[in-house]
Amino acid sequence: MTSWHLQVLRWSLIILLITIWEFSIKYGAIDVYYFSSPSLIFRNFQFWLEEDLIFKHLSVTLSEAGVGFISGLILGITLGFLFAANPRIDAILQPFITIMNAMPRIAFAPLIILWFGFGFLSKVVIVISLVFFVVFFNTYRGFKEINPILLKNAAVLGATRYQILRHIYLPATVSWTFASLRVSVGFAIIAAILGEYIGSSAGIGFLINNAQSNFDATGVMTGLALLTIVVAILDVLLKRIESHFTKWQVVDQSEESKI
Amino acid sequence: MAEQFLKIRNANKSFTKEGNSLPVLNDISLDMYTGEFLAILGPSGCGKSTLLNILAGQNSLDDGSISYPDKPTKNLNDRNRIAVVWQEESLIPWKTAYGNIEFSLIATQIPDKCREEVSIKWLHAVGLKGFEDYYPSQLSQGMRKRVALAAALSTHPHLLLMDEPFGALDVYSKLQIEKEVVRLWEQLDTTIILVTHDVQEAIALSDRIVILTQRPAKIKSIRENPLPRPRNLDALYGNIDFHNLVRELWVELTQQD
Ligand SMILES: Nc1ncnc2c1ncn2[C@@H]1O[C@H](COP(=O)(O)OP(=O)(O)OP(=O)(O)O)[C@@H](O)[C@H]1O
Ligand SMILES: [Mg+2]
């Protein structure tokens, strides 16, 4: 099957499902009160656009996720590198990191809101707490899994420390980090939305939560549809970036991580 | 006789594993002259790679010495002096065939402006024209070995250590690349140590052949190679001296003490 065929089939499936949904509502097979309907969602979407709600709240959510993601990325890469390169630090702190990774960190979100308030900062911290570990472990693993022969060969030839860092350590580590990029961007969005559910005054999560407390299924669904579209676009972009940085690999190697 | 290049005296090495000592090299003494092509034959696990590792400065002797009489510094492991074709895969997976050769030039601090020309030249010399942009994962095992060989040779090492470099090649490619190595070696005046399991290859390429015993490796015998230079590798199989030598070494290798 060609990729063109596949695309056509996929889109047909989506259109089919939406049509079934719409008609089931129209003929009363399912309750519009709980399930809304594609046309209602579309109209609500238009309404939000006209009221300028979408841009306002989306930019809040995306900047929370963005700032948290970048901070988590920098922190994860730096500490991942530091831990991997210093056996001493590694030996002392590794068990703590492992335990922290094993904890369901999302359960700490209410505590983080308590500490950092209802605003922007608390969401950023929640995002960091998720993204950091994904990046940290991938960076660490990328560093540790470097084939020792490469280092030996470079040393024999007379490579300087800088050259070894630049041509071996850095690319090895970065390729692992990038392999985990899509996972961690997904985490960043989830974390931001979750933070907004718990307590906020702006953001897509706030919109959804608000609609939910007004028993407005259409509002909730519009928010979800919006998120789906945003995440799909991000995913396509990230796939491009990822394949650029990992084109030499034959297999996918990203470390599994959980929320 | 040419000038002396390398002097190994009473080299001993053991590994320790869980408190037990595993002797690997047992009182090895060996001299090499500049530009010599030495082949080392020995059973698997006897310590050949260990010896090369030590010569490359990546492991140390328990006692004994390695020196380079003609060099002002005791240690040859200054810049641009040793290159190794490792027994294991040693290409950098995120660099292309071209990038790997270029990296060996970068590592030996060869100036930027010559790198491209030299890398391309060596890639072509090992028969990989058109594969510049291929990553190791996209090359066959034999092609990867050839890239590794090109990367090592491109640095013009004084000492080239090769650990089973042609094992993965078919008879024809092997002959082509052996011819290439001999041709290049004649031009470069590099001193070469070749570790191999292949008796015919050892005889076809080398000036002298060292046979090692089972672990711990002692030198069992050293044979001068009587075949004249320059050699025509294509014609060797019709040569009676070649066959006699193969037979003698074969017996010696397979004979247990
Ligand atoms: N780092 C190490 N630690 C412990 N033992 C080692 C180590 N490296 C090698 N050995 C042991 O030293 C012996 C010689 O190994 P070496 O790799 O030098 O063999 P070799 O002659 O190259 O064999 P082959 O022809 O199979 O490559 C083996 O018994 C091996 O188990
Ligand atoms: Mg070996």
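Residues numbered from 1 in each chain as written. Chains lettered and ligands numbered in written order. Predicted model: local features only at pLDDT ≥ 70, side-chain atom pairs only at ≥ 80, totals over all residues. Heavy atoms only, no water.

Student: Just checking my understanding: could you explain the site of ligand 1 for this structure?
Tutor: All names here are of chain B. In the region of ligand 1, 13 residues are neighbours, and Ser44, Gly45, Lys48, Ser49 and Thr50 sit closest. Side-chain polar atom of Ser44 to an oxygen atom of ligand 1: 2.7 Å apart, as the coordinates give it. In this structure, Gln87 approaches ligand 1 through a side-chain N or O atom, which is 2.8 Å from an oxygen atom. Contact with the protein chains removes 64% of the 640 Å² of surface that ligand 1 exposes when unbound. Those elements giving two or more residues to the shell around ligand 1 turn out to be β2 (20-33) and α1 (48-55). (Near = heavy atom within 4 Å. Polar contact = N/O pair within 3.5 Å; in protein donor to acceptor, adjacent residues only side chain to side chain. Areas by Shrake-Rupley, 256 points an atom, 1.4 Å probe, with all protein chains shown as cover. Helix = DSSP H or I, 4+ residues; strand = E, 2+ residues; numbered from the N terminus.)

Student: I keep staring at the domain arrangement of chain B and nothing clicks. Help me out?
Tutor: When the parts come together, some accessible area is lost, and that loss is often what is quoted as the size of the interface. All names here are of chain B. Taken domain by domain, chain B comprises domain 1 (4-80 + 158-254) and domain 2 (88-156). Computed over C-alpha atoms only, the centres of domain 1 and domain 2 are separated by 24 Å. With 15 residues of domain 1 in contact, the opposing surface of domain 2 contributes 14 residues. Applying the counting criterion to the domain 1 and domain 2 interface returns zero salt bridges. (Domains from an automatic or database assignment. Contact = heavy atoms within 4.5 Å. Salt bridge = Lys/Arg side-chain N within 4 Å of Asp/Glu carboxyl O.)

Student: I tried to follow the side chain of A:Gln163 on my own but got confused; where do I start?
Tutor: Position of A:Gln163 relative to the elements: it lies in helix α9 (residues 161-179). At 3.0 Å, the side chain of A:Gln163 and the side chain of B:Gln109 are in polar contact. Ignoring sequence-local partners within four residues, the contact set of A:Gln163 consists of A:Ile168, B:Phe103, B:Ile106, B:Ala107 and B:Gln109.

Student: Would you mind showing me how to read the sheet that holds β2(B) here?
Tutor: Sheets are built from strands paired through backbone hydrogen bonds, the pairs being either parallel or antiparallel. All names here are of chain B. Taken in spatial order, the three strands line up as β2-β1-β4 in an open sheet, and their pairing is antiparallel. Across the chains shown, the open sheet's two edge strands, defined by having one partner strand only, are β2 and β4 (63-67). Across the sheet, the mean angle separating the axes of adjacent strands is 20° when strand polarity is ignored. Of the strand pairs in this sheet, strand β1 (residues 4-17) and β4 are connected by four bridges, and their pairing is antiparallel. When the bridges of β4 are listed, Ile8 appears paired with Ile66. Running at roughly 120° to β1, α1 makes contact with β1, β2 and β4 of the sheet. (Pairing = 2+ DSSP bridges. Axes fitted to C-alpha atoms, helices over the stretch in contact; angles between N-to-C directions.)

Student: Help me out: how do you make sense of the packing of helix α4 (residues 53-85) of chain A against helix α5 (residues 87-102) of chain A in this one?
Tutor: When two helices pack together, their arrangement is captured by the angle between the axes and the distance separating the axes. Residue and element names in this part refer to chain A. It is the contact of α4 with α5, at a shortest axis distance of 6 Å, that shows an interaxial angle of 120°. Classified by the angle their axes make, α4 and α5 are oblique. Contacts between α4 and α5 involve Leu82, Phe83 and Ala85 from the first element and Pro87, Ile89, Asp90, Leu93, Gln94 and Ile97 from the second. Residue composition of the contact of α4 with α5, grouped by class: seven nonpolar, one polar and one charged. (Parallel < 35°, antiparallel > 145°, perpendicular 65-115°, else oblique. Nonpolar A, V, L, I, M, F, W, Y, C, P; charged D, E, K, R; others polar.)

Student: Whenever I open this one, the coordination of the magnesium ion (ligand 2) confuses me. Can you help?
Tutor: Expected angles at a metal are 109.5 degrees for tetrahedral coordination by four donors and either 90 or 180 degrees for octahedral coordination by six donors. All names here are of chain B. Those protein atoms acting as donors to the magnesium ion (ligand 2) are Ser49 (OG) and Gln87 (OE1), and they sit at 1.9 to 2.1 Å. Note that Ser49 is positioned in helix α1 and Gln87 in the loop between β5 (82-85) and α2 (97-107), a separation of 38 residues in sequence. Residue classification places Gln87 among the partly exposed positions, given a relative accessible area of 39%. (Donors = N, O, S within 2.8 Å, 3.2 Å for Na, K, Ca; no water. Buried < 20%, exposed > 50% of the residue type's maximum accessible area, 1.4 Å probe, protein only.)

Student: Explain α1(B) here, please?
Tutor: Think of an α-helix as turning once every 3.6 residues; residues three or four places apart then point the same way. Residue and element names in this part refer to chain B. Among the eight residues in α1, seven count as buried, and that is most of the element. Within α1, the full set of buried residues consists of Lys48, Thr50, Leu51, Leu52, Asn53, Ile54 and Leu55. One or two steps after α1, the chain reaches Gly57, where phi turns positive at roughly 80°.

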